[in-house]
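Coordinate inspection notes
Each chain, letter by letter, is given below.
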Amino acid sequence: AETLARTTAGEWQRGRRVNLEQALQVGARLGGHFVQGHVDCVGACTDRRTVGETTEFSFSLPEEQALYVAEKGSIAVDGISLTVTGLTASTFSIAVIPHTLAHTTLDTMRPGQAVNLEVDILAKYVRRAMGLERTGMTEEWLREQGFG
């Protein structure tokens, strides 16, 4: 029930392509993003455009999840760990090189298509450690912490 409530899995049909990455082995060199394979929410592709050899995508995401997304930070879209190139209160963008496009399900991604999103685990732990999920990060709170 949890998987069906949080993901697009309920819409999948037999034969659907999915992205699978091997788990990081203990002691292995870390050369990418922290991705666990957990889906936090569902978003949707809002735009796809070609810029030179790069394909740029924009996606919607719930505002409460946007708190865990940072420009140049990581996010997983349908299990693909990607770098965020742009961000608003309820959308983010990514830029994909030809190799990634050719070797993932992003090659068939179109505007309007629902996607599974996993936000950065480190951002979730920082937010929790700061108590922000209980108090909420507000402009007033930031001022109290010394931010102008």
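Relevant structure appears above.
A brief structural summary. Since the model is a prediction, treat every value here as computed from it, not as a measurement.

1. Comments concerning the overall build of the protein chain
- When helices and strands are counted, the protein chain shows 6 helices and 6 strands.
- Reported as C-alpha extents along the three principal axes, the dimensions of the protein chain are approximately 50 × 35 × 35 Å.
- Looking at the 148 residues of the protein chain, the share that counts as buried comes to 32%.
- When contacts within the protein chain are restricted to residue pairs at least 6 apart in sequence, long-range pairs at least 24 apart make up 66% of them.
- Working note: accessible area of the protein chain is about 9,600 Å², and carbon and sulfur atoms make up 52% of it.

2. Here we look at the side chain of Asn116
- Relative to the elements of secondary structure, Asn116 occurs in strand E6 (residues 114–118).
- Assessed through its relative accessible area of 8%, Asn116 is described here as buried.
- A distance of 2.8 Å separates a polar atom in the side chain of Asn116 from the backbone nitrogen of Thr8.
- Residues in contact with Asn116, not counting those within four places in the same chain, are Arg6, Thr7, Thr8, Trp12, Val39, Cys41, Val42, Ala76, Val77 and Asp78.

3. Examining unusual backbone geometry
- Despite not being glycine, Lys72 has its phi angle at roughly 70°, a positive value.
- Note on placement: Lys72 falls in the loop between helix H2 (63–66) and strand E3 (74–77).
- In this structure, Asp78 is a non-glycine residue whose phi angle is positive, near 50°.
- If you trace the backbone, Asp78 turns up in the loop between E3 and strand E4 (80–87).

Scoring rules and cut-offs
- Residues numbered from 1 in each chain as written.
- Predicted model: local features only at pLDDT ≥ 70, side-chain atom pairs only at ≥ 80, totals over all residues.
- Heavy atoms only, no water.
- Helix = DSSP H or I, 4+ residues; strand = E, 2+ residues; numbered from the N terminus.
- Buried < 20%, exposed > 50% of the residue type's maximum accessible area, 1.4 Å probe, protein only.
- Contact = heavy atoms within 4.5 Å.
- Areas by Shrake-Rupley, 256 points an atom, 1.4 Å probe, with all protein chains shown as cover.
- Polar contact = N/O pair within 3.5 Å; in protein donor to acceptor, adjacent residues only side chain to side chain.

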